[in-house]
Amino acid sequence: MCGIFYVFSKNQKLNKQTLEEISAEFIKPRGPCNQSIYSSKNEYAYQSTLAIQSADKLIKKNNNLDEKSFILYNGEIYSDSEQNKFTRDTIDTDYLYKASNNNLLKQYIKACDGMYALAEIKSIASDSKSYERSISIYRDPTGEKHLYYWISNDYIVLSSVPGSIALFISSLNRLELDLNQLKEYISKRHFISPLKVPFKGIRQLLPGHTLNFNTDTWEVNGQNQFITNLDLINENTYKELKGISYTSYLDRLEFELIKSLHSQESVNNTKSAGLTISGGIDSSLTSALILNHMENQYESFTCRFGDKDKTALKGNEISVGIGCKKHNWVDINLEKYHESLIRSIKLLASPVHSHSHPSSHLLAKQVSSNGHKVLYGGEGADELFLGYHTYIEILNRISISEETTSDYTCNIRTFDNKQSHSETDIYIKDCFQKAYEIFNNTYNSNKLSEVKSNAYCDYFVQLPMVGLSACDTIISDCSVEARTMFTRKNIIEFALNSPVEYLLGNSTQEKLSKFKSTPKNPLNKLYTKYISNDIDSKIGFSGYPNETSKFLGDLNTWRVFDLLPDLRSQWKHSRALDWKIINCEWFLNIWDI
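Every value quoted in this text rests on a predicted model; they were computed, and no experiment measured them. (Residues numbered from 1 in each chain as written. Predicted model: local features only at pLDDT ≥ 70, side-chain atom pairs only at ≥ 80, totals over all residues. Heavy atoms only, no water.)

Trainee: Quick question: what am I supposed to make of the overall build of the chain here?
Mentor: Looking only at helices and strands, the chain has 21 helices and 16 strands in total. Burial statistics for the chain: of 593 residues in total, 60% are counted as buried. The long-range share in the chain, meaning contacts at least 24 apart out of those at least 6 apart in sequence, stands at 73%. For the chain, the accessible area works out to roughly 23,500 Å², and carbon and sulfur atoms hold 45% of it. (Helix = DSSP H or I, 4+ residues; strand = E, 2+ residues; numbered from the N terminus. Buried < 20%, exposed > 50% of the residue type's maximum accessible area, 1.4 Å probe, protein only. Contact = heavy atoms within 4.5 Å. Areas by Shrake-Rupley, 256 points an atom, 1.4 Å probe, with all protein chains shown as cover.)

Spelled out as structure tokens, the structure:
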């Protein structure tokens, strides 16, 4: 796991001290084991590395920083393909560098499984001292690792952390608020834009996309998708899973989950790791499978918020039940939560994407202080295995055109009106329609295709900006690599091709419009096998999202009401909206807007 920060200036001399300060604040914490730096008067590259195995194996050619070409890379690669002819060395970066030198980088990463965001930087001038560059950036198709960029008439800036780009722009006195983006944050209750942050010009590379930039001509070849998980939807696999018994299906699921865990552990040979036990099924099942099928040292961790989160109080009980030798309570009060909230907003250069982000930061701090570099959780399970009740509500509608009061992000009805839509809406609509067409060819059913397409959009559009944003941007800030078994290619393929009736625990397709099954039934079944028949719905709070307003001072002085005056009359009408307003005010305060 690494942190990336890169700046190229067209004709301005770079302030090296400023760049080093930005790197130290935002990038170095992600990888305290090694730092590699390359700088000239108009170019600066910094990469930090967290050595999961041992530091000595990562020193050799850590980033290959030289005047001709280099790779800046954040992530892990979990599998090779026989079509790749390179012999694997000690680290991923060397492997990627060889592929780059053979002009096969794109083909290589398309053939591999893994989580990655990387920049391939090559010299394009005959005289390398002129430092003209061809810059290509890539991101994994699931969106586990993040990469942001800012391109102006004078600069191109890349970073794993949007806060570092915002701070650089601020040093140039060019940082401007994107008010439309802030409005979108407020208006979409459960959605964060995968495209931008609320500062003008700072954009994110989309999952599975690439972008190319030429510093000689100063031209940008815009984002293009070079890999998609839609290719994993396969009619033959669907028919195979549909043709086996539900018991056999559960056995296959268990096998695939264990395979996913082994693929991650085998590459880096993790000596120890922390296990998240939040009181819910996903993290508890993940922890149980790890303790039963892996051989390294593990401790479990549960955040505790006084009497606010009743479900979390089961953490110690679950930990003992699955055989974990040591369980840790991470006690969080309002003051600690407030401190991590401020840090999270600095990292994201945005209001927080979830009120659990500060809690994740505090959890990762404790995991790191206990000597672990890896933390396992259950992100992605709800989206892949239909864990939200909104999916059942879709099935319970009479037709796909019927209105529903459900508040879910990607319902196709959102796009069936004549109103204009934002860039975000257009992107979601495109993702939904592509998925719907493929699923409909497989299922030949409007309802099944719709629910699968909604889940697909939640997984590949929403999850990267919420759960996986916490994993990469937030947790990595504490020198911890976050992993989940629900983001490996074999699990994604298995879930995308799973019959809906199996995902909901109904072995027949009779009266699909009246599903009343428990969401993500297969995971519930495995949970009872490894842990307990006592399954509770996880209902609780992940922190003190609205209580932090006590530190903001007089309500009449809040800047958010000056920028968005309509919000003043809506204050105290909805706790969820109040949370959005509070976070916007914190954002404006922290970034001094």
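Picking up where we left off.
Trainee: I'm lost on the nonpolar core in this one. Help?
Mentor: Of all hydrophobic cores here, the largest spans 81 residues; its most connected members are Tyr249, Leu257, Phe385, Phe486 and Leu523. Contacts of Tyr249, omitting those with residues within four sequence positions, involve Leu241, Ile244, Phe385, Phe494, Ser498, Tyr502, Leu503 and Pro522. Among the nonpolar cores identified, the runner-up in size contains 50 residues, and Phe26, Trp558, Leu564 and Trp591 belong to it. (Core = buried A, V, L, I, M, F, W, Y, C linked by side-chain atoms within 4.5 Å.)

Trainee: Please clarify how the sheet that holds strand β7 (residues 148–151) should be interpreted in this entry.
Mentor: Paired through their backbone hydrogen bonds, the strands of a sheet run either parallel or antiparallel. Read from one edge of the open sheet, six strands run β2-β3-β1-β8-β7-β9, paired in antiparallel fashion. With partners counted over all chains shown, the strands left at the sheet margins are β2 (34–39) and β9 (203–204), one partner each. Against the sheet, helix α1 (residues 16–27) engages β1 (2–9), β2, β3 (43–49) and β8 (155–159), with an angle of about 160 degrees to β1. (Pairing = 2+ DSSP bridges. Axes fitted to C-alpha atoms, helices over the stretch in contact; angles between N-to-C directions.)

Trainee: How should I be thinking about the packing of helix α14 (residues 423–443) against helix α15 (residues 446–462) in this particular structure?
Mentor: If you want to describe how two helices pack, look at the angle between their axes and the distance between the axes. Close contact between α14 and α15 brings their axes to 8 Å; oriented N to C, the two are set at 140 degrees. What the angle tells us is that α14 and α15 run oblique. The handedness of the crossing between α14 and α15 is right-handed. Contact with α14, carried on its side by Tyr427, Ile428, Cys431, Phe432, Ala435, Tyr436, Phe439, Asn440 and Tyr443, involves Asn446, Leu448, Ser449, Glu450, Lys452, Ser453, Asn454, Tyr456, Cys457, Phe460 and Val461 of α15 and no other residues of that element. A breakdown of the residues in the contact of α14 with α15 according to their chemical character gives 13 nonpolar, five polar and two charged. (Parallel < 35°, antiparallel > 145°, perpendicular 65-115°, else oblique. Left-handed = near helix turned anticlockwise from the far one by under 90°. Nonpolar A, V, L, I, M, F, W, Y, C, P; charged D, E, K, R; others polar.)

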